[in-house]
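# A look at the structure
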Amino acid sequence: MKLSIAKTTFRAFNVAVVAGFLSTAAYAENPMVGGAAMYESKNIVENAVNSEDHTTLVAAVQAAGLVETLQSAGPFTVFAPVNAAFAALPEGTVETLLMPENKATLTKVLTSHVVAGKWSAANIISAAGKSSDGFYHFEAVSGDALSAQVKNGKVYIFDESGNASLVTIADVNQSNGVIHVVNRVLLPK
């Protein structure tokens, strides 16, 4: 009888270990963003064009002429606003930004979402935790100030005006950096 219980316990343990390994492996594979798998072997642009949640961002990157830059070696950390974030801007803002005569402004807005280097959520959380004010302050490629804060285990990115954007999907690794999906557009002053 004892041998039968031991075998059953051993089998249950093995099933739990295998199930745990499989769920971890599935999680570690390609995260889904906007209904599409994001591949670590592809660059930021190659992945973003497949996300249904980032069609506005992709159109803006193309209009600003930033495709080649975001396909380069980097590494870059991109805080990528979803379509709903752009839709929440005042009416006509996106259309105005996409006009050829506003390319410089569009470029400034987009590059305020990009940081040089590859910053994982764990790196950002650690840096914010070590700061005296609870914020990690860093500079976007545009030269604008960004700040990160952790509240209730969630990472928020603040623009220069103090507007907070929640990181809704973190650590989407790319061949040339990492994307963190955010729910608001970060605006430079």
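Heads up: these notes are all about the structure in this document. (Residues numbered from 1 in each chain as written. Predicted model: local features only at pLDDT ≥ 70, side-chain atom pairs only at ≥ 80, totals over all residues. Heavy atoms only, no water.)

Turning our attention to the packing of aromatic side chains. The final tally for this structure, using the stated rule, is four aromatic pairs. Relative to Tyr-136, the ring of Trp-119 has its centre 5.0 Å away and its plane inclined at 35 degrees; by these criteria the two rings are tilted. Pair noted here: Trp-119 is in the loop between strand E4 (114–116) and helix H8 (121–130) and Tyr-136 is in strand E5 (residues 135–139), with a separation of 17 residues, a long-range link. Seen in terms of ring centroids, Phe-135 and Phe-158 are 5.4 Å apart; in terms of plane orientation they differ by 70 degrees. Their pairing is edge-to-face. Taken as a pair, Phe-135 in strand E5 and Phe-158 in strand E7 (residues 154–158) lie far apart in primary sequence, 23 residues in all. On the accessibility criterion, Phe-135 (22% relative accessible area) is partly exposed. (Phe/Tyr/Trp six-rings, centres within 6.5 Å; stacked < 30°, edge-to-face > 60°. Helix = DSSP H or I, 4+ residues; strand = E, 2+ residues; numbered from the N terminus. Buried < 20%, exposed > 50% of the residue type's maximum accessible area, 1.4 Å probe, protein only.)

What follows is about the side chain of Asn-102. Here Asn-102 lies in the loop between helix H6 (93–97) and helix H7 (103–111). Only 2.6 Å separates the side chain of Asn-102 from the backbone oxygen of Thr-96, close enough to count as a polar contact. If near-sequence neighbours (up to four positions away) are discounted, Asn-102 is found in contact with Thr-96 and Leu-97. (Polar contact = N/O pair within 3.5 Å; in protein donor to acceptor, adjacent residues only side chain to side chain. Contact = heavy atoms within 4.5 Å.)

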